[in-house]
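Secondary and tertiary structure notes
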Amino acid sequence: MRKLFANFLLCLCTALFSLCAFAASDAQSPDDTRLLGFTAQGSTQQRALEQQFDASLSAQDQSDWDRQMSSEPNQLGSPHDKANAEWTLKQFQDWGWDAHIETFHVLFPTPKERVLELIAPTKYTASLSEPPVAGDKTSQQSRAGILPPYNAYAADGDVTGELVYVNYGIPDDYKVLERHGISVKGKIVIARYGHSWRGIKPVVAYQHGAIGCIIYSDPRDDGYWQGDAYPQGAWRSAEGVQRGSVAKMQIHPGDPETPGYGSTAGARRETRAQSETLLKIPVLPISWADAKPLLAALGGPVVPPEWRGALPLTYHLGPGPAKVHLKLAFNWNVVPAYDVIAKIRGSEYPDQWVIRGNHRDGWVFGAFDPLAGHVAMLDEARAIGKLLKTGWRPKRTLVYASWDGEEPGLLGSTEWAETHAAELQKKAVLYLNSDTNGRGYLFMGGSHSLQPFIDQVGRGIRDPETGVNVMQRRRARIAVDAHSDNASARERDFAKQVAAAADFPIDALGSGSDYSAFLQHLGIATLDMGYGGEDGGGEYHSLYDSFDHYRRFGDPGFKYGVALSQTAGHTVLRFADAPVLPFRYAEFADTVGEYVDQVRKLADSKRAQAVEQDKLLDQGAYRLARDPAKPTLAPPRAGRVPYLDFAPLDNALVKLKASADACDAAFAARVRAGSALDDTQREKLNALLQGMEQALLDARGLPGRSWYKHMIYAPGLYTGYGVKTLPGVREAIEQKQWDTATRYVGIIAHTLDGYSARLDKATAILKQ
């Protein structure tokens, strides 16, 4: 008890010290008087404009809009999805935007038949349904029109086989099974949600010979182990099921039948058999109530401690004696996706576009995901419309997008970006994305050339609960987390990095929302933002992602909806009106340096692991590690792990850091001197800055997935949503593809050299 209290005092004191220190440093920051990209006078005018913008925002209207838009099933292809598109269009038009609906025709399978039965050693038929909940109005609607729990783009199939429990179903879990002498070939696997994107689990299962995959939500990860289950609390109830897509978005997002080009009317379509992103085996998500009888029927070895969930049973690996029958059939229909695109033409730079997007479709009602973010975006658009009535116009063109079809596979945004690719690469200066939103802390990810800018924006936004700015609150939370007894080494390292950095470090982006096509395919500078961390959990992709759930646990009063509108709105307005685009580059160069250190250490660790593994084999340690009657199966010899030559990357990094520092210094010198660029210089400089992110693309793309062309950020082949930085090198090392690793060291080095050369040109203009 005393230790807990002492730890609490330590965390509290650390947080208070952090808040005071950060508040003091924030108050003294020269950036408080001058915004990036603006003169001193322009900064004052811009802040006054943002105050007008903030005054027009309304938490009550956001709440009313969310209630209305989530009142009926809102999935792609539903009547209410179309009605919401038409309603959104009318709002934009009423607010003074030039808006239209752009329609794409996309493959979207929906369930025709779903059967899951335990047929041995006992019998059980899974309910595969979510019952109404008292106090949740929309959950009590008729089931007509509601998509039942399923995984989109799973294969049709009718399979029967022994069951094997595979933990989270990631590649390392199959290594554990192999060491127990267990194969999943010809069997059906059951995996729990978590530790990777859901679509990775059936891919890995198929690679190991499984004929079917079941995914369930274990209450340890998403249920009563975490907190009270719905409706008493926010967490997933016994019957709650996480729907979701399992298309191989790590190969490419968008319509599986139109890879790399827009699915417009009359577009050429590949067959389903030709598609690289459709699965080969049936996959079905279930609740823990349906999973419990299946897991209880498993025999075989008891699972390792870290594989155990929170259900009241002993977890076994199998295979058998549990035997299950899984049957799935889908309606493979092409349906319309309605993107609402709204524009305000720029007064001075109409061919420079600032793009803001949030999707509109949900899996059922979608009050949290995505409508909490969508209504915040609508509030921004209305506030901008009110600014227009005062005579203000943005210098750059604003493009606001209400995307459809995000949930099945980023369909609306990807098809729009692919259709308009050439124009976007020529004109877009920023893509700003949000998705869900809730109570808590600001989370940001994106292009690291935007790190100083978005840190400055965040220091101007007040947290609705504490009154400090949202960057201070986030820093304080990180400091507290790092001092907890169960803090990981990564959390402590991140806390040190945050404490040492003038600007708050933003996350690299993998995938899972509508930014992918803009950043990783087209090379457009991107930010993704939202609030959360104190909004509970459990409703995700279920029937219970409802307005009643959200108003209780997500963001009561929609205060953080207004905070998101402020954060995104200030970002958009500054990018719209800044005479010089507000990028800075030293942080990007430092971040790439960290990534290079990481891949070098990864290569060294692979080499050390191989040596140790072969040493243990020579000693016969694997044979003696367990009961001699049931020895652990030894892995094969590791084979040669060569020394990779990182010299090209090291040399490119030295050049990058020098060029980035010189460019930022030239920006700072211009600011100190108060020397403005003339129109010709500014036009040339902005043209260079607009295309800077595209310099990080390579037309060949990543190994085996050429759609992803960004050499610094990509979703991982075996993480899905999770990012892999320097992916061509990092994943090649992880997969022991040494020739590919060497080749991509050279490709990334060449890419960085091109980026540095572009920075040098910008520096030359600034020094004129």
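Residues numbered from 1 in each chain as written. Predicted model: local features only at pLDDT ≥ 70, side-chain atom pairs only at ≥ 80, totals over all residues. Heavy atoms only, no water.

1. Quick notes on the overall build of the protein
Of regular secondary structure, the protein possesses 24 helices and 16 strands. Radius of gyration (C-alpha) of the protein: 26 Å, near the 27 Å computed for a compact globule of 768 residues. Each of the three principal axes of the protein carries a C-alpha extent, and together these read 80 × 65 × 65 Å. For the protein, the proportion of its 768 residues judged to be buried stands at 61%. Taking contacts inside the protein between residues at least 6 apart in sequence as the whole, the part at least 24 apart equals 79%. When the accessible surface of the protein is summed, it comes to about 29,100 Å², and 53% of that surface belongs to carbon and sulfur atoms. Positive and negative charge centroids in the protein, built from 84 and 90 side chains respectively, lie 3 Å apart. (Helix = DSSP H or I, 4+ residues; strand = E, 2+ residues; numbered from the N terminus. Rg over C-alpha atoms; globule rule 2.2 N^0.38 Å. Buried < 20%, exposed > 50% of the residue type's maximum accessible area, 1.4 Å probe, protein only. Contact = heavy atoms within 4.5 Å. Areas by Shrake-Rupley, 256 points an atom, 1.4 Å probe, with all protein chains shown as cover. Lys, Arg positive; Asp, Glu negative; His and termini not counted. Charge placed at Lys NZ, Arg CZ, Asp CG, Glu CD.)

2. Things to note about the environment of R670
The residue R670 is located in helix α21 (residues 647-673) in this model. Taking C-alpha positions, R670 is 7.2 Å from L766, a pair spaced 96 residues apart along the chain. With near-sequence residues (within four places) excluded, R670 lies in contact with S675, A676, L677, Q681, I765, L766 and Q768.

3. Quick look at the side chain of S565
With respect to the helices, strands and loops of the structure, S565 is situated in helix α18 (residues 559-577). For S565, the side chain forms a polar contact with the main-chain oxygen of A376, separated by 2.8 Å. (Polar contact = N/O pair within 3.5 Å; in protein donor to acceptor, adjacent residues only side chain to side chain.)

4. Let's talk about unusual backbone geometry
In the segment running from Y230 into P231, the intervening peptide bond is cis, with an omega of 15 degrees. Looking at where P231 falls in the secondary structure, it is placed in the loop between α7 (219-222) and β7 (244-245). Of note, the amide linkage connecting D369 to P370 takes the cis form, showing an omega dihedral of 15 degrees. Examined against the element boundaries, P370 turns out to sit in helix α9 (residues 367-389). Positive phi, normally seen in glycine, also occurs at Y153, with a value near 75 degrees.

5. Notes on the pairing of strand β1 (residues 98-120)
Summarising the sheet, β1 and strand β9 (residues 323-344) pair through 21 bridges and their orientation is antiparallel. Bridge pairing links T110 to N331 in β9. As defined by bridge partners, β1 adjoins strand β2 (residues 124-125) across two bridges and the pair is classed as antiparallel. The residue bridging L118 from the neighbouring strand is Y124, located in β2. As consecutive antiparallel partners, β1 and β2 are separated by three residues. (Pairing = 2+ DSSP bridges.)

6. Comments concerning the packing of aromatic side chains
Per the counting criterion, the structure on display carries 29 aromatic pairs. Aromatic pair W65 and W87: ring centres 6.3 Å apart, planes at 65 degrees, arrangement edge-to-face. Here the residue W65 occupies a position in helix α3 (residues 59-69), and W87 occupies one in helix α4 (residues 79-94), the gap between them amounting to 22 residues. Comparing W65 with W87, the two get one shared label, buried. Summarising the aromatic geometry, the rings of Y224 and W288 are spaced 5.6 Å apart at their centres and angled 85 degrees between planes, so their arrangement reads as edge-to-face. Remark: W288 occurs in helix α8 (residues 288-296) and Y224 occurs in the loop between α7 and β7; sequence separation between them is 64 residues. Take Y224: its relative accessible area is 37%, and that puts it in the partly exposed class. (Phe/Tyr/Trp six-rings, centres within 6.5 Å; stacked < 30°, edge-to-face > 60°.)

7. Quick notes on the pairing of strand β13 (residues 440-446)
Where a strand is regular, its side chains alternate between the two sheet faces. Of all the seven residues making up β13, six are buried; the element is thus mostly covered by neighbouring parts of the structure. Bridging between β13 and strand β14 (residues 526-533) involves seven bridges; their strand directions are antiparallel. The residue bridging G445 from the neighbouring strand is D528, located in β14.

8. Let's talk about the pattern of salt bridges
Side-chain pairs of opposite charge can arise where the charged atoms are in close proximity. All told, the structure shown has 32 salt bridges when counted by the stated rule. Residue K175 pairs with D172 through a salt bridge whose shortest N-O separation is 3.4 Å. Here D172 and K175 lie together in helix α5 (residues 171-179), a separation of three residues that amounts to about one turn. Given a relative accessible area of 47%, D172 falls into the partly exposed group. (Salt bridge = Lys/Arg side-chain N within 4 Å of Asp/Glu carboxyl O.)

9. Details of the confidence of the model for the protein
In this model, the protein carries a mean pLDDT of 92, and residues with pLDDT of at least 70 account for 93%. The low-confidence segment residues 1-31 (pLDDT under 50) makes 28 contacts with residues lying over four places distant or belonging to another chain. (pLDDT = per-residue confidence, 0-100.)

10. Focus on the packing of α3 against α9
The N-to-C vectors of α3 and α9 enclose an angle of 135 degrees; their axes lie 9 Å apart at closest approach. Taken together, the axes of α3 and α9 lie oblique to each other. Remark: the crossing between α3 and α9 carries right-handed chirality. Of α9, the residues touching α3 (which contributes D61, Q62, W65, D66 and M69) are A367, L371, A372, H374, V375, A376, L378, D379 and R382. Split into classes, the residues belonging to the contact of α3 with α9 amount to eight nonpolar, two polar and four charged. (Axes fitted to C-alpha atoms, helices over the stretch in contact; angles between N-to-C directions. Parallel < 35°, antiparallel > 145°, perpendicular 65-115°, else oblique. Left-handed = near helix turned anticlockwise from the far one by under 90°. Nonpolar A, V, L, I, M, F, W, Y, C, P; charged D, E, K, R; others polar.)

11. Examining the packing of helix α23 (residues 727-734) against helix α24 (residues 738-767)
Running from N to C, α23 and α24 cross one another at 165 degrees; their axes reach a closest spacing of 8 Å. In terms of orientation, α23 and α24 fall into the roughly antiparallel class. Seen from above, α23 lies across α24 with left-handed handedness. Taken together, the residues of α24 that come into contact with α23 (itself represented by G728, V729, A732 and I733) are W738, T740, A741, Y744, V745 and I748. Of the residues assigned to the contact of α23 with α24, the class counts are eight nonpolar, two polar and no charged.

12. Things to note about the side chain of N74
Mapped onto the secondary structure, N74 falls in the loop between α3 and α4. The class of N74 is buried, set by a relative accessible area of 0%. At a separation of 3.0 Å, a polar atom in the side chain of N74 contacts the side chain of N84. At 2.6 Å, the side chain of N74 forms a polar contact with the backbone oxygen of R360.

13. Some points on the environment of N167
Within the element layout of this structure, N167 appears in the loop between β4 (157-165) and α5. With a relative accessible area of 4%, N167 lands in the buried category. For the pair formed by N167 and E270, sequence separation is 103 residues and the distance between their alpha carbons is 35 Å. Apart from the residues within four sequence positions on either side, N167 is in contact with D173, I190, A191, R192, E306 and W307. Looking at N167, its side chain comes within polar contact range of the side chain of D173, at 3.2 Å.

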